[in-house]
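Report on the structure
So you can see what is in the structure, the chains are spelled out below.
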Amino acid sequence: MKQDEKPLHDWERVESDIESIAHYYDAAASLISFGMMDRWREKAASETQDWMRVLEIGSGPGSMTRHLRGREIVMLEPNEGLLNFSKGVLGGQRYIRVRGVAEHLPFADESFDIAISGFSFKNLIDRKAALNEVRRVLKSGCKFVIVDIAEPDTALRKRIMHLYMDRVLPAVAMLSVPREVKRRWGRNPWKHLSSSYMNLGKPEELVRSALSAGFSDAKFRYLMTHGVAIVTAMK
């Protein structure tokens, strides 16, 4: 398996787990990020403007979509259940829902003013193929923005983050779920999801992958905790 690929069964389980927690996704995200999640989303979303045609990669339940500006926002999501769920969260004609994957985008060349991925790029099966496809559908001089959990820049921060993901996060996330739902589930889906949260790896490696795919001016910056990063790349 190539470095930029992940097993299909892992991807399918992540998608299934996210669908199962859709009703509690935002509340849990706020808890596990100590209230910072929407601030991180907004920092990435600030790259979008009202006149743009926006492509969102992995829109999920619409949590990132709420922060995006644009005359048309195309929500790409492989999970039909999550697309349907987002209809109850976001209304309006500017939201276009498309079922599909980033590795095979069903759009014409140079048809978007910006592409953005909020906490979903780490879950892609083939990042190299996705980067190539995103570059293809972006107009010349336009930007791809990724905000996601990333490997911290020091060994100590990395160890603390792994301990938090493994031992604390699943229990904290479950605080957002009503007791009767917990009993019905009979398991904690965040125990599996938390193991996928570190899949992005080092942001500098993603920068190198973007450059290899033909992007220019690729760069990253850590946000406050150094466990989340924003990566940007220009076509």
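Every value quoted in this text rests on a predicted model; they were computed, and no experiment measured them.

Direction of pairing for strand β6 (residues 216–222) relative to strand β7 (residues 228–234): antiparallel, over a ladder of five bridges. Paired with Arg221 across the two strands is Ile230, which belongs to β7. The hairpin turn running from β6 into β7, its antiparallel successor, is five residues long, and His226 in that turn takes a positive phi close to 60 degrees.

Another point: the side chain of Asp113. Its location among the elements puts Asp113 in strand β4 (residues 112–118). A polar contact is formed between the side chain of Asp113 and the side chain of Lys139, at a distance of 3.0 Å. Beyond its immediate sequence surroundings of up to four residues, Asp113 is in contact with Trp51, Met52, Arg53, Arg71, Leu138, Lys139, Cys142 and Lys143.

Turning our attention to the sheet that holds strand β1 (residues 53–57). Spatially, β3-β2-β1-β4-β5-β7-β6 is the arrangement adopted by the seven strands of the open sheet, whose pairing is mixed. Only two strands of the sheet have a single neighbouring strand rather than two, namely β3 (95–99) and β6. Mean inter-strand twist for the sheet, computed between neighbouring axes without regard to direction, equals 15 degrees.

Our next topic: unusual backbone geometry. With a phi close to 55 degrees, Phe34 is a non-glycine residue in the positive phi region. Among the secondary structure elements, Phe34 is positioned in the loop between α2 (25–32) and α3 (37–45).

Conventions adopted
- Residues numbered from 1 in each chain as written.
- Predicted model: local features only at pLDDT ≥ 70, side-chain atom pairs only at ≥ 80, totals over all residues.
- Heavy atoms only, no water.
- Pairing = 2+ DSSP bridges.
- Helix = DSSP H or I, 4+ residues; strand = E, 2+ residues; numbered from the N terminus.
- Polar contact = N/O pair within 3.5 Å; in protein donor to acceptor, adjacent residues only side chain to side chain.
- Contact = heavy atoms within 4.5 Å.
- Axes fitted to C-alpha atoms, helices over the stretch in contact; angles between N-to-C directions.

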